[in-house]
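Chain residues, written in single-letter form:
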Amino acid sequence: MVKTRTCIFISGKGSNLNNLIKKSRDYNFPININLVISNNPKAEGIKHAKKNSIPIFIVNTKKRNFENKILKILKEKRINFICLAGFMKIISRNFLLNFKKKIINVHPSLLPKFKGLNTFSRIIKNKEKKTGCTVHYVNEKLDSGNIIIQKFFYIKKNDNEKILKSKTQYLEYRAFPEAIIKVFRKN
Ligand code: GRF
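In this report, we go over the structure that sits alongside the text. (Residues numbered from 1 in each chain as written. Predicted model: local features only at pLDDT ≥ 70, side-chain atom pairs only at ≥ 80, totals over all residues. Heavy atoms only, no water.)

1. Details of the packing of aromatic side chains
Inspection of every chain in the model, using the stated rule, returns five aromatic pairs. Seen in terms of ring centroids, Phe9 and Phe95 are 6.4 Å apart; in terms of plane orientation they differ by 75 degrees. Their pairing is edge-to-face. Remark: Phe95 occurs in helix 4 (residues 93–98) and Phe9 occurs in strand 1 (residues 4–10); sequence separation between them is 86 residues. Per residue, the accessibility class of Phe9 equals that of Phe95, and both read buried. With a centroid separation of 5.4 Å and an interplanar angle of 90 degrees, the aromatic rings of Phe152 and Tyr154 are classed as edge-to-face. Taking relative accessible area as the criterion, Phe152 reaches 43% and is therefore assigned partly exposed. Taking the relative accessible area as the measure of exposure, Tyr154 reaches 56% and is therefore exposed. Taken together through their ring pairs, the aromatic side chains of Phe9, Phe87, Phe95 and Phe99 make up a single cluster. Between the NZ or CZ atom of Lys101 and the centre of the ring of Tyr137, over which it lies, the distance is 4.0 Å. (Phe/Tyr/Trp six-rings, centres within 6.5 Å; stacked < 30°, edge-to-face > 60°. Helix = DSSP H or I, 4+ residues; strand = E, 2+ residues; numbered from the N terminus. Buried < 20%, exposed > 50% of the residue type's maximum accessible area, 1.4 Å probe, protein only. Lys NZ or Arg CZ within 6 Å of the ring centre and 35° of its normal.)

Right under this line is the structure:
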């Protein structure tokens, strides 16, 4: 099958990136990862790209024209789809117009609950009964685009932030690939 040329944006650990790299090796998986962009030169996730010989582009998101730099390299690499996997920077409306309905993100809560940062501490404080992850399209508003997939689990009495994070990430490793398959099935 012809796979869509995809870029993954990261800022940190990159465990979702690593998982998507593995999935992308399946013959029937709709995307191939042809570029990784990180706004953190020390991001642990860069090692997964290196190990798999995927080109890496480090961008300084503190500079005003950073999005133009990203758009240029995406064009050079003929990228048609973007997955945000722990990318800690909000993307502008202008950038989104270049990739309409082609940017998705994974968020560690059951959106629309707990948008933004520090999700796990807020979930505990709020005494939620269940939580999980959401894969959604990216629009101009933070963590607000149309939902593609959600997965959840019931919170146990002893679940602290660390446990919630690891349970949530475990679900993300299934939800992100499933969401990608769903997106491409629709097209
Ligand atoms: C994920 O848990 C995701 O929900 C959030 O950032 C985290 C990234 O983790 N947006 P990793 O870098 O993929 O390990």
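Now that the structure is up, let's keep going.
2. Topic: helix 1 (residues 15–23)
When you tally the buried positions in helix 1, you get seven out of nine residues, the bulk of the element. Among the residues making up helix 1, those that are buried are Ser15, Asn16, Leu17, Asn18, Asn19, Leu20 and Ile21.

3. As for the nonpolar core
In a soluble, globular protein the nonpolar side chains are often hidden away together inside. Judged by nonpolar contacts, the single largest core of 35 residues is most densely connected at Ile104, Phe176 and Ile180. It is helix 6 (residues 161–186) that provides the largest number of residues to this core, a total of eight residues. Here this core gathers at least three residues from each of two domains, domain 1 (1–100) and domain 2 (105–187). Residues contacting Phe176, with those up to four places away along its chain left out, are Asn16, Leu20, Cys83, Leu84, Ala85, Ile104, Asn105, Val106 and Val135. Ranked by size, the runner-up nonpolar core spans 19 residues in total, among them Ile70, Leu71, Leu74 and Ile91. (Core = buried A, V, L, I, M, F, W, Y, C linked by side-chain atoms within 4.5 Å. Domains from an automatic or database assignment. Contact = heavy atoms within 4.5 Å.)

4. Details of the site of the ligand
What surrounds the ligand is the set Lys13, Gly14, Ser15, Asn16, Gly86, Val106, His107, Pro108, Gln169 and Glu172. In the environment of the ligand, an oxygen atom lies 2.9 Å from a nitrogen or oxygen atom belonging to the side chain of Gln169. Relative to its free-state accessible area of 370 Å², the ligand is covered by the protein chains to the extent of 86%. Here the ligand is seated within the largest pocket. Listed by contribution, the elements that provide at least two residues to the shell around the ligand are helix 1, strand 5 (103–107) and helix 6. Taken domain by domain, the makeup of the shell around the ligand includes at least three residues from each of domain 1 (1–100) and domain 2 (105–187). (Near = heavy atom within 4 Å. Polar contact = N/O pair within 3.5 Å; in protein donor to acceptor, adjacent residues only side chain to side chain. Areas by Shrake-Rupley, 256 points an atom, 1.4 Å probe, with all protein chains shown as cover. 1 Å grid on protein atoms, 1.4 Å probe; cavity = no way out; pocket = protein on both sides within 12 Å on 5 of 7 lines; lining within 4 Å. Sits in = over half its atoms within 2 Å of the grid points.)

5. Brief notes about the pattern of salt bridges
Applying the stated criterion across every chain, the model contains six salt bridges. Among the ionic pairs, Glu44 bridges to Lys47, the shortest N-O distance being 3.5 Å. Owing to a relative accessible area of 45%, Glu44 belongs among the partly exposed residues under this scheme. Between Glu140 and Arg93 there is a salt bridge, with the nearest N and O atoms lying 3.4 Å from each other. Here Glu140, found in the loop between strand 6 (130–137) and strand 7 (147–154), pairs with Arg93, found in helix 4; they are 47 residues apart in sequence, far enough to count as distant. By relative accessible area, Arg93 is classed as exposed at 51%. (Salt bridge = Lys/Arg side-chain N within 4 Å of Asp/Glu carboxyl O.)

6. Let's talk about the pairing of strand 6
A large share of strand 6 lies buried, amounting to seven of its eight residues. By the bridge criterion, four bridges tie strand 5 to strand 6 in an arrangement that is antiparallel. The residue of strand 6 that forms the bridge with Val106 is Val135. Sheet topology places strand 6 next to strand 7; seven bridges connect them, and they run antiparallel. Within strand 7, the position partnered with Thr134 by the bridge is Gln150. (Pairing = 2+ DSSP bridges.)

Any link to function would need more than the numbers given here.
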